[in-house]
Amino acid sequence: MTVCRDCCCGSPSKYPAVDHDAQLERLRAALAPEHRIRTSLCLDVCAQANVIVVHPEPSARRAGARPVWFGLVLDDTVLGDIEAWVRAGGPGRAPMPPVLELSVISPPVKATVTA
């Protein structure tokens, strides 16, 4: 799992009512050591802060599962739903609860340069 913590994600000035450090601590307490929780610099979807990317396990990835991006993860309910889905297996291993589908966002599209 990658948790964006840069310019907008994790910013007390953008979302002062959210305890961003507590979010990260909660994820680590709930999911580590079985699941690696890492932080990242800007993931380029600032309008959707706070962003969390759930990565499939290697075997699920080899079978075709892809990372799932979640945006606007600003409350304990959504965070809890993500935790439960990851514990159940996550991408490629467990069906995503319909309520979580509301928080799925598209990853940024890399710009391509043409000559």
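Each remark here, short or long, concerns the structure printed above.
Residues numbered from 1 in each chain as written. Predicted model: local features only at pLDDT ≥ 70, side-chain atom pairs only at ≥ 80, totals over all residues. Heavy atoms only, no water.

## A word on the overall build of the protein chain
Part 1 of the reasoning: A tally of helices and strands in the protein chain yields 4 helices and 5 strands.
Part 2 of the reasoning: Walking the protein chain from its N terminus toward its C terminus, one meets helices and strands in the order β-α-β-β-α-β-α-α-β.
Part 3 of the reasoning: Taken against the 2.2 N^0.38 rule, which gives 13 Å for 115 residues, the C-alpha radius of gyration of the protein chain at 14 Å falls within 12% of a compact globule.
Part 4 of the reasoning: Principal-axis analysis of the C-alpha atoms gives the protein chain an extent of 50 × 40 × 25 Å.
Part 5 of the reasoning: Per-residue burial for the protein chain yields a buried fraction of 43% across its 115 residues. (Helix = DSSP H or I, 4+ residues; strand = E, 2+ residues; numbered from the N terminus. Rg over C-alpha atoms; globule rule 2.2 N^0.38 Å. Buried < 20%, exposed > 50% of the residue type's maximum accessible area, 1.4 Å probe, protein only.)

## Brief notes about the sheet that holds strand β4 (residues 68–70)
Part 1 of the reasoning: Taken together, 5 strands build an open sheet; the order of strands is β2-β1-β3-β4-β5 and the sheet is mixed. Two strands in the sheet have a free side with no partner beyond their single neighbour: β2 (38–40) and β5 (104–105).
Part 2 of the reasoning: Two elements, strand β3 (residues 52–54) and β4, share 3 bridges in a ladder whose sense is antiparallel. By the bridge assignment, I52 is partnered in β4 with F70.
Part 3 of the reasoning: The strands that helix α3 (residues 76–88) touches are β3 and β4; relative to β3, the one it contacts most, it runs at about 15°. (Pairing = 2+ DSSP bridges. Contact = heavy atoms within 4.5 Å. Axes fitted to C-alpha atoms, helices over the stretch in contact; angles between N-to-C directions.)

## Remarks on the packing of aromatic side chains
Part 1 of the reasoning: Applying the stated rule across the entire model yields 1 aromatic pair.
Part 2 of the reasoning: Plain terms: the ring middles of F70 and W85 are 6.0 Å apart, the flat faces sit at 80° to each other, and that makes the pair edge-to-face. Placement of the pair is F70 in strand β4 and W85 in helix α3, with a sequence separation of 15 residues. (Phe/Tyr/Trp six-rings, centres within 6.5 Å; stacked < 30°, edge-to-face > 60°.)

## Description of the environment of G89
Part 1 of the reasoning: Relative to the elements of secondary structure, G89 occurs in the loop between α3 and α4 (98–101).
Part 2 of the reasoning: Residue classification places G89 among the buried residues on the basis of a relative accessible area of 13%.
Part 3 of the reasoning: Apart from the residues lying within four places of it in its own chain, the contact partners of G89 are E57 and A94.

## Notes on helix α1 (residues 20–31)
Every α-helix carries 3.6 residues per turn, so stepping three or four residues along brings you back to the same face.
Part 1 of the reasoning: Here α1 is 12 residues long and its end C-alpha atoms lie 17 Å apart, about the 16 Å a rise of 1.5 Å per residue gives.
Part 2 of the reasoning: Among the residues of α1, those classed as buried are H20, Q23, L24, L27 and L31. Summarising the axial view, the buried residues of α1 lie within an arc of 95°, below the 170-degree limit, and thus occupy one face. Of the residues in α1, the exposed ones pointing more than 90 degrees away from the buried face are D21, E25 and A29.
Part 3 of the reasoning: One side-chain oxygen of the residue at the start of α1 lies 3.4 Å from the amide nitrogen of D21, identifying that residue as D19. (Expected span 1.5 Å × (residues − 1). Arc of directions from axis to C-beta. Polar contact = N/O pair within 3.5 Å; in protein donor to acceptor, adjacent residues only side chain to side chain.)

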